[in-house]
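If you want the building blocks of each chain, they are given just below.
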Amino acid sequence: MEFFREIRSKPWLESQDVIDNARFGGSIAMPSTRLALRIFVAVVGVVFSLSVVAYADRMLLADWKPVPEPTIMWLNLIILIASSVAMQWAVVGARRDRRSQLEAGLLIGGACSLAFLAGQLLVVRQLDALGYFAPTNPALSFLYMLTAMHAVHILGGLVVWARTVIRLWRGIAAEKVLMTTELCAFYWHFLLALWLALFVWFVIT
Amino acid sequence: MVDITPEKVENVSPAEVPEADLYHAHSFWTKYVFCQDAKVIAIQYSGTAVVIGMVGLVLSWLMRLQLGVPETFSFISPESYLQFVTMHGMIMVIYLLTALFLGGFGNYLIQLMVGARDMVFPYVNMLSYWIYLLAVLILVASFFVPGGPTGAGWTLYPPQAILSGTPGGTGLGIILMLVSLAFFIIGFTMGGLNYVVTILQARTRGMTLMRMPLTIWGIFTATVLALLAFPALFVSAIMMTLDSVLGTSFFMPAIVEFGEQLSYGGGSPILFQHLFWFFGHPEVYIVALPAFGIVSDLLSVHARRHIFGYRMMVWAIVAIGALSFVVWAHHMYVSGMNPWFGFFFATTTLIIAVPTAIKVYNWTLTLWRGDIHLTIPMLFAIAFIITFVNGGITGLFLGNVIVDVPLSDTMFVVAHFHMVMGIAPILVVFGAIYHWFPLMTGRMLNDAMGRFHFWVTFIGAYLIYFPMHYLGFVGVPRRYWSMEDTNFIPDSAADLNAFITVAALIVGFAQLVFIYNILVSIFKGKPSERNPWKATSLEWQTETVPPGHGNFSKELPVVYRWAYSFSVPGTVDDYVPQNVHPNDVKLVEPEGS
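Now for a description of the structure that goes with this document. (Residues numbered from 1 in each chain as written. Chains lettered and ligands numbered in written order. Predicted model: local features only at pLDDT ≥ 70, side-chain atom pairs only at ≥ 80, totals over all residues. Heavy atoms only, no water.)

**Let's talk about the environment of isoleucine 464 of chain B**
Residues and elements named next belong to chain B. To be explicit about the condition: In this description a helix means any DSSP run of H or I spanning at least four residues, a strand means any run of E spanning at least two, and both kinds are numbered starting from the N terminus. Partly exposed describes any residue whose relative accessible area lies between the buried limit of under 20% and the exposed limit of over 50%, with all areas from a 1.4 Å probe on protein chains only and scaled to the type maximum. In this analysis, two residues are considered to be in contact whenever any of their non-hydrogen atoms come within 4.5 Å of each other.
Structurally, isoleucine 464 is set in helix H13 (residues 447-473). Its relative accessible area of 6% is what places isoleucine 464 among the buried residues. Note: C-alpha distance between isoleucine 464 and isoleucine 317 (147 residues apart in sequence) is 30 Å. Residue contacts for isoleucine 464: discarding those within four places in its chain leaves Ile500, Ala503, Ala504 and Val507.

**Examining the packing of aromatic side chains**
Residue and element names in this part refer to chain B. Quick note on the threshold: Pairing of aromatic rings covers Phe, Tyr and Trp, the last through its six-membered ring, and needs centres within 6.5 Å; plane angles under 30 degrees mean stacked, over 60 mean edge-to-face, and all others mean tilted.
In total, this model carries 61 aromatic pairs over all chains according to the counting rule given. Relative to tryptophan 436, the ring of phenylalanine 105 has its centre 6.4 Å away and its plane inclined at 55°; by these criteria the two rings are tilted. Of the two residues, phenylalanine 105 sits in helix H3 (residues 78-113) while tryptophan 436 sits in helix H12 (residues 411-441), which places them 331 residues apart along the sequence. Phenylalanine 105 gets classed as buried once you look at its relative accessible area, which sits at 10%. When its relative accessible area of 2% is taken as the criterion, tryptophan 436 is described as buried. Where phenylalanine 278 meets phenylalanine 325, the ring centres are 5.5 Å apart and the plane angle is 45°; that geometry is what we call tilted. With phenylalanine 278 in helix H7 (residues 269-303) and phenylalanine 325 in the loop between helix H8 (310-323) and helix H9 (339-367), the pair connects residues that are 47 residues apart, well separated along the chain. Side by side, phenylalanine 278 and phenylalanine 325 carry an identical accessibility label, which is buried.

**What to know about the packing of H8 of chain B against H9 of chain B**
Residues and elements named next belong to chain B. Note the threshold: Note on method: axes are straight lines fitted to C-alpha atoms, helices fitted across the in-contact stretch only, with angles between N-to-C directions ranging 0 to 180 degrees. Relative orientations are named as follows: roughly parallel for angles under 35 degrees, roughly antiparallel for angles over 145 degrees, roughly perpendicular for angles from 65 to 115 degrees, and oblique for any other angle. Helix crossings fall into two classes, left-handed where the near helix is turned counterclockwise from the far one by less than a right angle and right-handed where it is turned clockwise. Here the term charged refers only to Asp, Glu, Lys and Arg, the term nonpolar to Ala, Val, Leu, Ile, Met, Phe, Trp, Tyr, Cys and Pro, and the term polar to all other amino acids, Gly among them.
Direction vectors running N to C along H8 and H9 enclose 155°, while the axes themselves pass 9 Å from each other. In terms of orientation, H8 and H9 fall into the roughly antiparallel class. Both H8 and H9 take part in a crossing whose hand is left-handed. Only Ile351, Ile352, Pro355, Thr356, Ile358, Lys359, Asn362 and Trp363 of H9 make contact with H8, whose side of the interface consists of Met312, Met313, Ala316, Ile317, Ala319, Ile320 and Leu323. Taken together, the residues that form the contact of H8 with H9 break down as 12 nonpolar, two polar and one charged.

**Section: the packing of H12 of chain B against helix H14 (residues 491-524) of chain B**
Between two packed helices, the angle of one axis relative to the other and the distance separating the axes together describe the packing. All names here are of chain B. With their axes 11 Å apart at the nearest point, H12 and H14 run at an angle of 10° to one another. By the criterion of interaxial angle, the relationship of H12 to H14 is roughly parallel. Between H12 and H14, the contacting residues are Phe430, Ile433, Tyr434, Phe437 and Thr441 on the first element and Gln511, Phe514, Asn517, Ile518, Ser521 and Ile522 on the second. In terms of residue class, the contact of H12 with H14 is built from seven nonpolar, four polar and no charged.

**What to know about the environment of threonine 86 of chain B**
Residue and element names in this part refer to chain B. Our working definition: In protein, a polar contact means a hydrogen-donor-capable atom and an acceptor-capable atom, both N or O and within 3.5 Å, with residues adjacent in sequence counting only if both atoms are side-chain atoms; elsewhere, any N or O pair within 3.5 Å suffices.
With respect to the helices, strands and loops of the structure, threonine 86 is situated in helix H3. Between the alpha carbons of threonine 86 and leucine 156 there is a distance of 8.3 Å; along the sequence they are 70 residues apart. If we skip the residues at most four places from it in the chain, threonine 86 touches Thr150, Gly151, Ala152, Gly153, Trp154 and Leu156. At 3.3 Å, the side chain of threonine 86 forms a polar contact with the backbone nitrogen of alanine 152.

Laid out in structure tokens, this is it:
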């Protein structure tokens, strides 16, 4: 990797000067926005990883009582997968300059995301109806907290998604929203992977 | 070792950045308030950090008054004393030092030192400051809510942090603290993304990673650390808020309070401690690494000598950053742990001393045979080395389980961490301000007031913290409002406490002289030269001082060498700026030519 090659160099040597004087551009071969999103995703990953570590640690204590996963969570998972696929379809549309595909992909992706959020609310209501209540059960507390944190990240993504849709609606060229659409798709894939990991974790615990 | 390329080289064409890429302010509000220029944001960050830092300073005076002359001030109750301890600690560590080093120096220096026009995401950068300000305001608001701010100690350990016996434990005090921390972290993440991406992607032509000044390496690594460590505090803040507000039991065990069984059950206070210190120990280096970087540059510039072992200094910064994530439980020896874990964390704690010692040796060797100018920045830099070594060595004591357990809850620890992550970084902050003030304002700070400020601060800090080690040895506990009739503590401890209080008040007032110096010098200070310290790094090579909008002229500078070309043999001047073309370096005429 360029970064590790660079930090092994000896800047005080003449021979290194010749190489370094011609050096131009970033250390990582990608646009700044894409790099920033990847770093952000890494930070979010740390947040959720630490939460899961805390979950695992808390499981070891005597009062831990597993909770069932309502069936609707499986449906929500399918909706989130659909949302991610739609976003990727939108990216393909933007790359091939197919405006209708881009618009449809974004709209389906956004709609599925909203449906997912509504579904997650239903999960909470169902668990409440089954007689579970968060404070009495740490497993449920974690489920609610992680679900809410994941939902907040989807809402954040929807803000960027909404800006992109509005720009398209105002008639901007498809190629001008290519980068944003790609970033949205990448973020959605990440949120899907994250939810998949959490979901598996909930099921096996 | 050769510092420049003596032969004629092919010219490298300068890089240009289209004006359209730059942020342009169009009104007073967008130029000075909601501004996206990193230099203005840096000043906003610094100003806010200094103001809240002054609050932290006043709180420390109040604590010292209570310890020095107990039962004299009726408004300092046991509860308010604990609140002062808590707020002082949190303010100084998070809202002053972290914000000042990364938000202040980071914003001002990164873009200038790497040769960029601005940060890569100016709008997000601006949002970062305003969210930081919001976090500060929420924190300050906790002073005015019923019950006052939290008095749980800056570590906010549950279960006591959210119980009614703790000041602010069941009111808004603790909630506001946790919410404020959450906002701080969100704001910092926005800024941190900017710092990292700007350093990685927006450097000017020729500015390789290994030509960057160590200041930038320190800020870069500290930012990466913060991005990875703050999530632990964020998660624990959310979970504790839920425990406090909704009655969940993430951290709260089954507990009886004043004879009443609370509804909590089964939670793990130790889990909180792990999360907190997984953030808390890297936080030490989030503060220290920028200080390491800055002090390296101050020493090099003011000793007119290249930094000794540049590559090793970079690697040491990175190694310290990595190791800082595997030492956290040395803060938890007294919480109890498997002896093998204690052994592991004691070992990693000793290992982290190795790269740290390399840095100290290299700083010392940078001074060796240097043309040392005892300017005020240099005085502060040397004072930092001495203080950091003193504080670091007591850290080696405390890193060992068997020594830590008896000393952990005593004033020895207070002395240790104030020396190593309070006084030492603050000395660098002062040195850095004296060094870069001419760049920021075009004027010099008053030298006489500066020297007064330095000597009172440096000697005063030792008068405060050296005796505190002794207090710790004789068993004076920390966080105690009063010793009263504690038999095992000798009377001399009270006298020493009174002495420390006098020293603390004098040092505190010396800081007012510093602030007066700044305020007066901004308007009436002696105009500075463009590059008064004859430094080589790019921030001093701008078209105007202070640097204008876009930092550099139409063409961005091209970098031809590292930032440490001082006293290069065969050159006329004792420094060669990074952007001077090798063909333009004035060489000494050979004798007889």
